[in-house]
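Per-entry structural report
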Amino acid sequence: MGVPLNQAIKVGAYVLKQHLTGRKRYPLVLMLEPLFRCNLACSGCGKIDYPAPILNQRLSVADALEAVDECGAPVVAIAGGEPLLHKEMPEIVEKILARGKFIYLCTNALLLEKKIDQYKPHQNFCWDIHLDGDKQMHDHAVSQEGVYERAVAAIKLAKSKGFRVSINCTLFDGTDPARVAGFLDTVNEIGVDGVMTSPGYAYERAPDQEHFLNRQRTKELFRAIFRYGKERKGRGKAWKFNQSPLFLDFLAGNQTYKCTPWGNPTRNVFGWQRPCYLLGEGYAKTYKELMDTTDWDKYGVGNYEKCADCMVHSGFEATAVVDSVKRPWKMAKLAIQGIRTEGPMAADIPLDHQRPAEFVFSRHVENKMAEIHAKPAPVDSAD
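Residues numbered from 1 in each chain as written. Predicted model: local features only at pLDDT ≥ 70, side-chain atom pairs only at ≥ 80, totals over all residues. Heavy atoms only, no water.

Per an unreviewed UniProt entry, the chain goes by the name Adenosyl-hopene transferase HpnH and belongs to Acidiphilium acidophilum.

1. Here we look at the packing of helix H7 (residues 147-160) against helix H8 (residues 177-190)
In a pair of packed helices, the angle between the axes and the distance between the axes together describe the arrangement. Rule in force here: Only the stretch in contact is used when fitting a helix axis, every axis being a line fitted to C-alpha atoms; angles between N-to-C directions are given from 0 to 180 degrees. Per the convention used, a helix needs a DSSP run of H or I reaching at least four residues, while a strand needs a run of E reaching at least two, with both numbered from the N terminus. Contacts: residue pairs with any heavy atoms within 4.5 Å of one another. Any residue that is not Ala, Val, Leu, Ile, Met, Phe, Trp, Tyr, Cys, Pro, Asp, Glu, Lys or Arg is counted as polar, Gly included; the first ten are nonpolar and the last four charged.
Between H7 and H8, whose axes approach to 10 Å, the crossing angle comes to 35 degrees. When H7 is examined against H8, the residues Tyr148, Val152, Ile155 and Lys156 are found in contact with a partner set consisting of Phe183, Thr186 and Ile190. Each residue belonging to the contact of H7 with H8 can be placed in one class, and the counts come to five nonpolar, one polar and one charged.

2. Some details on empty space enclosed by the protein
A probe matching the size of a water molecule, rolled over the atoms, marks out where space remains unfilled. As a reminder, the rule being used: The pocket and cavity definitions rest on a 1 Å grid over protein atoms only: a 1.4 Å probe that fits but cannot leave marks a cavity, an open set with protein on both sides within 12 Å along at least five of seven lines marks a pocket, and residues lining either have an atom within 4 Å of a point. Grid points are joined across faces, edges and corners, and a volume is the space filled by probe spheres set on the points.
Tallying each qualifying case throughout the model produces three cavities of 30 Å³ or more. In this structure, the largest cavity spans a volume of roughly 140 Å³. Along the wall of the largest cavity there are 16 residues; nearest its centre are Cys259, Cys276, Leu278, Cys307 and Cys310. Per-element tally for the lining of the largest cavity: the top contributor is helix H12 (residues 313-326), with three residues. Of the residues assigned to the lining of the largest cavity, the class counts are 12 nonpolar, three polar and one charged. Considered as a void within the structure, the second largest cavity measures approximately 40 Å³ in volume. As for the second largest cavity, its lining consists of Cys169, Leu171, Val180, Leu184, Thr197, Phe222, Ile225, Phe226 and Phe241. Mapped onto the lining of the second largest cavity, the elements with two or more residues apiece are strand E5 (164-171), H8 and helix H9 (215-234). Take the lining of the second largest cavity: its biggest share by element is three residues, from H9. Among the residues making up the lining of the second largest cavity, the classes are represented as eight nonpolar, one polar and no charged.

3. Here's the deal with the packing of helix H1 (residues 5-20) against H12
We count it as follows: Throughout, the term roughly parallel applies to angles under 35 degrees, roughly antiparallel to angles over 145, roughly perpendicular to angles from 65 to 115, and oblique to all others.
The contact between H1 and H12 brings their axes to 10 Å, and the two run at 75 degrees. On the basis of the axis angle, H1 is roughly perpendicular to H12. Across the interface between the two elements, Gly12, Val15, Leu16 and His19 of H1 pack against Val321, Val322, Val325 and Lys326 of H12. Its residues assigned to classes, the contact of H1 with H12 comprises five nonpolar, two polar and one charged.

4. Let's talk about the packing of aromatic side chains
What counts, and what does not: Only the six-membered ring of Trp is used, alongside the rings of Phe and Tyr, when aromatic pairs are assigned; centres must lie within 6.5 Å, and planes under 30 degrees apart are stacked while those over 60 apart are edge-to-face, with the rest tilted. With a 1.4 Å probe rolled over the protein chains alone, any residue whose accessible area is under 20% of its type maximum counts as buried; one over 50% counts as exposed, and the rest are partly exposed.
Within the structure shown, the criterion is met by 20 aromatic pairs. Measuring from ring centre to ring centre gives 5.5 Å for Tyr50 and Phe270, while their planes differ by 45 degrees; the resulting arrangement is tilted. Of the two residues, Tyr50 sits in the loop between strand E1 (29-32) and helix H2 (52-55) while Phe270 sits in the loop between strand E7 (266-268) and strand E8 (271-275), which places them 220 residues apart along the sequence. There is no split in this pair, since Tyr50 and Phe270 are both buried. Centre to centre, the rings of Trp262 and Trp296 are 5.5 Å apart; their planes meet at 75 degrees, and the pair counts as edge-to-face.

5. A closer look at unusual backbone geometry
For the peptide bond that leads from Gly80 to Gly81, omega is 15 degrees, which places it in the cis range. Its location among the elements puts Gly81 in the loop between strand E2 (75-78) and helix H4 (89-97). The omega torsion of the bond from Arg274 to Pro275 falls at 5 degrees, within 30 degrees of zero and hence cis. Along the chain, Pro275 turns up in strand E8. Even without a glycine there, the phi angle at Ala109 is positive, about 80 degrees. Among the secondary structure elements, Ala109 is positioned in the loop between strand E3 (102-107) and helix H5 (112-115). You will see that Ser143, though not glycine, has its phi angle at about 60 degrees, which is positive.

6. Details of the pairing of E5
The test is simple: Any two strands with at least two DSSP-identified bridges between them are counted as paired.
In terms of burial, E5 is largely enclosed, as seven of its eight residues are buried. Strand direction decides the pairing type here: strand E4 (residues 125-130) and E5, joined by five bridges, are parallel. When the bridges of E5 are listed, Asp128 appears paired with Ser166. Two elements, E5 and strand E6 (residues 194-199), share six bridges in a ladder whose sense is parallel.

7. Focus: the side chain of Thr107
You can see Thr107 is positioned in strand E3. What Thr107 contacts, discounting residues up to four positions off in sequence, is Glu82, Leu84, Trp127, Asp128, Ile129 and His130.

8. With respect to the nonpolar core
This is how the line gets drawn: Within this scheme, the nonpolar core is defined by two criteria: the residues are buried Ala, Val, Leu, Ile, Met, Phe, Trp, Tyr or Cys, and they are joined through side-chain atoms within 4.5 Å.
Counting 118 residues, the largest nonpolar core has Ile78, Leu105 and Trp127 as its most contacted members. Leaving out residues up to four positions away in the same chain, Trp127 has contacts with Leu84, Leu105, Thr107, Leu112, Ile116, Tyr119, Ala158, Phe163, Arg164, Val165 and Ser166.

9. Quick notes on the sheet that holds E8
Strand order in the open sheet formed by nine strands is E6-E5-E4-E3-E2-E1-E7-E8-E9, with mixed pairing between adjacent strands. Of all the strands in the sheet, just E6 and strand E9 (280-284) have a single pairing partner and so form its edges. Sheet twist, expressed as the mean angle between neighbouring strand axes with direction ignored, is 25 degrees. Looking at chain direction, E3 and E4 are connected through five bridges and run parallel. Pairing of Leu105 across the sheet is with Trp127, part of E4.

10. Description of the side chain of Glu33
Turning to its location among the elements, Glu33 is positioned in the loop between E1 and H2. Residue Glu33 is classed as buried on the basis of its relative accessible area of 0%. Dropping the residues within four chain positions of it, Glu33 is found in contact with Lys47, Leu59, Ala79, Gly80, Thr266, Arg267, Asn268, Val269 and Tyr277.

Set out below in structure tokens:
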């Protein structure tokens, strides 16, 4: 298992406490986006399509810590953009760790060799390196040659310095499951501590709109990958996933889950993003406002057209974690039998009554640009 024991115990106890106290909606992972600017332009990314004045914005250390304290989630995933472009990132990490949180610092690793000595190994800290497959797969995904080799070198460097390292691997339509299996073998050999994988979300602003998976293709792809995984496990070479087994079972089409958008609330330079990390349909000034004023029933598979094909971990991992606490026998069954890769799939959520997509990106950009011009915010130059 790729999840550290201390994290599994603490998060499990946290979820159980929420369940016993009857709290209906609570966060598991704070998605903290201190900036949108990136030093890559991946074809499947819809996170960086903003005018330069917005790309120049940064959350301050105070902003980041306020979000951590206000939200209260036990895990903080620091994403972007490229977080290592933020000059105050080492201070942000240090002060979040001092609050007893678990941190996954997401990076494409291009700056890791330069920046790594600004960070110290910690049992609650993990580098989360973007790696979408083997050399050909990853360099194609990020639209730049040589990035895979630099990322692998960075992984080895971080491991040599005593850091925990996971990778996040996003898969798209046309992916060869045998190549993914070979890639997972490779990262096992390198010594990666865990893998987070997910199908790509169909961002409306992503340059490549042709290679996002629909739900049926997602399930077929992951069933094929997990069949290879069973062969490896049988030879004593099991892959280490840093995810709930029930989420992986969901990817293989064996669970019918609704998403839990409030499970991974997002704070970025716009504010608290609603309803989730993937959709920017509006922004709240505070976490409480986000939770109290978002019409959660408007979103999710079966409710909203933009959610129709989503099976991304940021929406469904929290659902799986809560299910594992409420129904531990399902986890026990998975531990014994493994993920089923043959036979009928679980019923999917019908899409008959979903509301049509709304396109609001431009309005939010216009509002933010007006705010910037009216009262320029302090800007940290990238280095």
